Amino acid sequence: MTAETAARAARIPVRALTVLYDAECSLCTFLRDWLVRQPQWVPLELVPAGSAEACRRFPGLDHAGTFEEITVVGDAGQVYRGADAWVVTLWALRKYRPLAHRLSTPSGARLARGAVLAAAAWRGTKSRGGQAPRRGDGWVYDRRAGWTYHPPGCADGRCAAPS
């Protein structure tokens with residue numbers, strides 16, 4: 001998060017957060033289940049990344065990017081990605097707000113980023129050879145390249161526009 005974005009976000013109160021998670025990732029669904037059991041200061045709503053619901057709610061969001069990094073959207077349109085998303089999610093939880101404050105410091109931010117990278121590496125090792133099977137919607141995860149989109153039926157380069 002840039003200093004300008006952080007300053008702007010600091011002036012806008014956050015009253016609710018939507019956490020976009022990969023519904024086909026066992027780590028992501030485990031964390032989703034854990035989050036809903038936690039007492040919250042700020043309500044969290046968990047929505048599958050790339051779902052029709054996510055696209056309807058956030059039409060201007062880069063939905064492909066929500067598979068690459070955890071993404072959290074605030075009720076006033078704030079978008080947090082990666083380590084910032086983890087920190088704001090922890091900030092919303094009653095028992096973890098002090099930890100979120102520690103992770104928002106420069107040294108804490110390095111730790112938070114390391115946790116996000118470790119989670120991404122874990123996700124990559126849980127698939128066969130670092131390559132997840134195709135999900136049916138064209139998204140494929142490779143531990144070296146991250147999520148990539150291969151539209152179904154586009155091998156010849158002529159694809160129908162999405163409807």
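Residues numbered from 1 in each chain as written. Predicted model: local features only at pLDDT ≥ 70, side-chain atom pairs only at ≥ 80, totals over all residues. Heavy atoms only, no water.

*Asks:* Honestly, the overall build of the protein chain in this entry has me stumped. Any pointers?
*Replies:* In terms of regular secondary structure, the protein chain is built from seven helices and six strands. The helix and strand sequence of the protein chain, counted from the amino end, reads α-β-α-β-α-α-β-β-α-α-α-β-β. Split into buried and exposed, the 163 residues of the protein chain put 38% on the buried side. Considering only contacts in the protein chain between residues 6 or more positions apart, those separated by 24 or more positions represent 53%. (Helix = DSSP H or I, 4+ residues; strand = E, 2+ residues; numbered from the N terminus. Buried < 20%, exposed > 50% of the residue type's maximum accessible area, 1.4 Å probe, protein only. Contact = heavy atoms within 4.5 Å.)

*Asks:* Would you take a moment to explain the pairing of strand β3 (residues 71-74) for this structure?
*Replies:* The two faces of the sheet receive side chains in turn, since in a regular strand these alternate between them. Neither face of β3 is exposed, since Thr71 and Val73 on one face and Val72 and Gly74 on the opposite face are all buried. Pairing of β3 with strand β4 (residues 79-81) involves three bridges; the strand directions are antiparallel. Paired with Val72 across the strands is Tyr80, a residue of β4. Between β3 and β4, which pair antiparallel and follow one another directly, the connecting turn spans four residues, one of which, Gly77, has a positive phi of 95°. (Pairing = 2+ DSSP bridges.)

*Asks:* How should I be thinking about the sheet that holds β3 in this particular structure?
*Replies:* Whenever strands of a sheet pair, they do so through backbone hydrogen bonds, lying parallel or antiparallel. Taken together, four strands build an open sheet; the order of strands is β2-β1-β3-β4 and the sheet is mixed. At either end of the open sheet lies a strand with only one pairing partner, and these are β2 (44-48) and β4. The mean inter-strand angle of the sheet, taken between neighbouring strand axes irrespective of direction, is 25°. Against the sheet, helix α5 (residues 82-92) contacts β1 (17-21), β2, β3 and β4, and its axis sits at roughly 115° relative to β4. (Axes fitted to C-alpha atoms, helices over the stretch in contact; angles between N-to-C directions.)

*Asks:* Which parts of the structure should I look at to understand the confidence of the model for the protein chain?
*Replies:* In regions of low pLDDT, the predicted coordinates are not meant to be interpreted in detail. Averaged over every residue, the pLDDT of the protein chain is 78; the share at 70 or more is 65%. For residues 128-134, every residue scores under 50 in pLDDT, and the model assigns this stretch 15 contacts once sequence neighbours within four places are set aside. (pLDDT = per-residue confidence, 0-100.)

*Asks:* Teacher, can you tell me more about the side chain of Thr66 here?
*Replies:* Within the secondary structure layout, Thr66 lies in helix α4 (residues 65-68). Assessed through its relative accessible area of 4%, Thr66 is described here as buried. Setting aside residues up to four positions removed in sequence, Thr66 forms contacts with Leu20, Ala49, Gly50, Leu61, Thr71 and Arg81.

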